[in-house]
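# Working through the structure, step by step
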Amino acid sequence: MMTEQDIDKWIDTVRIPSDEEVEAAGRRFDRRIRRLRTRRRVLWSVSAAAAVMIPLFVALYWLREEPRTPAPRVAEVVKTAQPITEPTLILSDGHSVNLNEKIADTAVQAERLRLETGHVKYDTLTGDTTSPVREIQYNTLVIPAGHTYAVTLADGTTVTLNAGTRLRYPVDFIGDTREVFLEGEAYFRVTKTGKPFEVHVSGSAVRVYGTSFNVKQQDSLVETVLVEGSIGFRSPGREEIRVSPGEQVTYDAVRKNIQVQEVDPYYATAWLDGVFRYSDKGLDAILKDLSAWYGVRFESRVDAAAIKLTMNLSKDTPVEEAVSFLESMTDCEIMKEKEVYIIKGKERN
C-alpha cells in the first residue's frame, strides 16, 4: 500500500499539459467527433445528437447545390385574364370600364367622353392638335360576341363595331394624320378635315378622303367595301389602289394578293341592321360570321366553301335555331359535340 510520501513522489512525476496543448487536443477531439458524426449521421437517426445535426447538414447541402426541380411555369404563377363578355373600354392608363354598367366612373369622366346606350362619344377638341410636343394617348374599344357598339371619335368620325372586334384609337388626333387600328369588322363614317384618315388592319391601310365604308378582317383576309366617297387601299410593298363606291377590295395577308370587284354594299352592311344577309355566299364565310356573333366554334367536315347560300336571318335568332336553319338550307347535318358544332354531310340510306 502506497504511503503519502509515495503518492507525492508519483504526482511529481506526472506531466501536466499546458493550456495550449489542452486547447489543441480539444480541437482534435472535436474534429474527430465531427468526422464520426458525418459518417454515421444516417445511423444515428435515433440519437438526440443526430437529430440536431442532420437538418443542419441538409440545409447546408441545399444552399450549396443548384435547385434540381424546374422553375414554375409562368402560366402557374400569373393569373389568366378573364375573358371579356361585355363591351369594354380600355383607357390609356390600362383602366378597364364595363360599358354596360350604369355606375359613374371617375376614370371615364377624366377622359373627356360621354357614355350613352350603345355609344361612346368623345368631346371634339377645338385646340391646336398639330403640336408634336403632345403625347398621343390611345384608348381601345373591345366588343365581345353578341354585341355591337359605336364610338364617336374626337374629330367627329363615327365607327360602329361588330361583335368580336377591337378598335384602338387616339383620344385626340395629334399630328398630320388621323390613324386608328382595327381587328374585326367596323363601319366608318369619316368626318372630312384637312388631315387624311387611315385605318390600319392586318398590315394594310385604308386611306380615307371623307367617306363611308365597311372594313372586315377575318383571319388573313381583309374585305373593304366602299359605300360612298373615296378611299385608297395600300398593302405592304404595293402602290395605293383607289376604290370607287360599290367596289370591294379583298386582300389576303398570307398570299399577298389583292382583288377588286363590284359588289352590292347592301349585303356588306346588313349587320348594321341586325341581320345576317347573304347572296350566293360560301358556307365557310357564313360560319365565321356566326362564330363571331354567337361566340361559338364550328368545325366543318365538308367542303363548306363550295356550299353557296342566299339567306336572311335576324341576329336575334338563338344559336340553336340558327343552326337548325342552316341544316334546312343545306344538305348537311350539324351536331354539337362538347362545345363545338360539327358540320357533316347527311348519311344516305
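So, a few notes on the structure that sits alongside this text. (Residues numbered from 1 in each chain as written. Predicted model: local features only at pLDDT ≥ 70, side-chain atom pairs only at ≥ 80, totals over all residues. Heavy atoms only, no water.)

## Notes on the environment of Pro236
Looking at the element boundaries, Pro236 is found in the loop between strand S15 (231-234) and strand S16 (241-243). For the pair formed by Pro236 and Ser204, sequence separation is 32 residues and the distance between their alpha carbons is 6.3 Å. Not counting chain neighbours up to four residues away, the residues in contact with Pro236 comprise Gly203, Ser204 and Tyr251. (Helix = DSSP H or I, 4+ residues; strand = E, 2+ residues; numbered from the N terminus. Contact = heavy atoms within 4.5 Å.)

## Things to note about the nonpolar core
Counting 38 residues, the largest nonpolar core has Val151, Phe188 and Phe213 as its most contacted members. Of all the elements, strand S11 (residues 197-201) adds the most residues to this core, at three residues. With sequence-adjacent residues up to four places away left out, Phe213 is seen in contact with Ala186, Tyr187, Phe188, Val190, Val199, Val206, Val208, Thr224, Val225, Leu226, Val227 and Ile231. In this structure, Tyr278, Val323, Leu326 and Cys332 belong to the second largest nonpolar core, which totals 22 residues. (Core = buried A, V, L, I, M, F, W, Y, C linked by side-chain atoms within 4.5 Å. Buried < 20%, exposed > 50% of the residue type's maximum accessible area, 1.4 Å probe, protein only.)

## Remarks on the pattern of salt bridges
For the structure on display, the rule yields eleven salt bridges. The salt bridge partner of Lys216 is Asp289, with a shortest N-O separation of 2.8 Å. Of this pair, Lys216 sits in strand S13 (residues 212-218) while Asp289 is found in helix H7 (residues 283-294), placing the two residues 73 residues apart along the sequence. In terms of burial, Lys216 and Asp289 fall into one category: buried. Linking Asp219 and Lys288 is a salt bridge whose minimum nitrogen-to-oxygen distance equals 3.2 Å. Here Asp219, found in the loop between S13 and strand S14 (221-228), pairs with Lys288, found in helix H7; they are 69 residues apart in sequence, far enough to count as distant. Asp219 gets classed as exposed once you look at its relative accessible area, which sits at 59%. When salt bridges that share partners are traced, they join Arg114, Glu116, Lys121 and Asp123 into one network. (Salt bridge = Lys/Arg side-chain N within 4 Å of Asp/Glu carboxyl O.)

## A word on the environment of Ser328
Relative to the helices and strands, Ser328 is located in helix H8 (residues 319-329). A polar atom in the side chain of Ser328 sits 2.6 Å from the backbone oxygen of Phe325. (Polar contact = N/O pair within 3.5 Å; in protein donor to acceptor, adjacent residues only side chain to side chain.)

## Things to note about H8
Those residues of H8 not exposed but buried are Ala322, Val323 and Leu326. Each buried residue of H8 sits inside an arc of 100° when the element is viewed along its axis, so together they form one side. Among the exposed residues of H8, those oriented more than 90 degrees off its buried face are Glu321 and Ser328. Buried-residue contacts for H8 involve H7, strand S20 (297-300), strand S21 (308-314), strand S22 (332-337) and strand S23 (340-345). (Arc of directions from axis to C-beta.)

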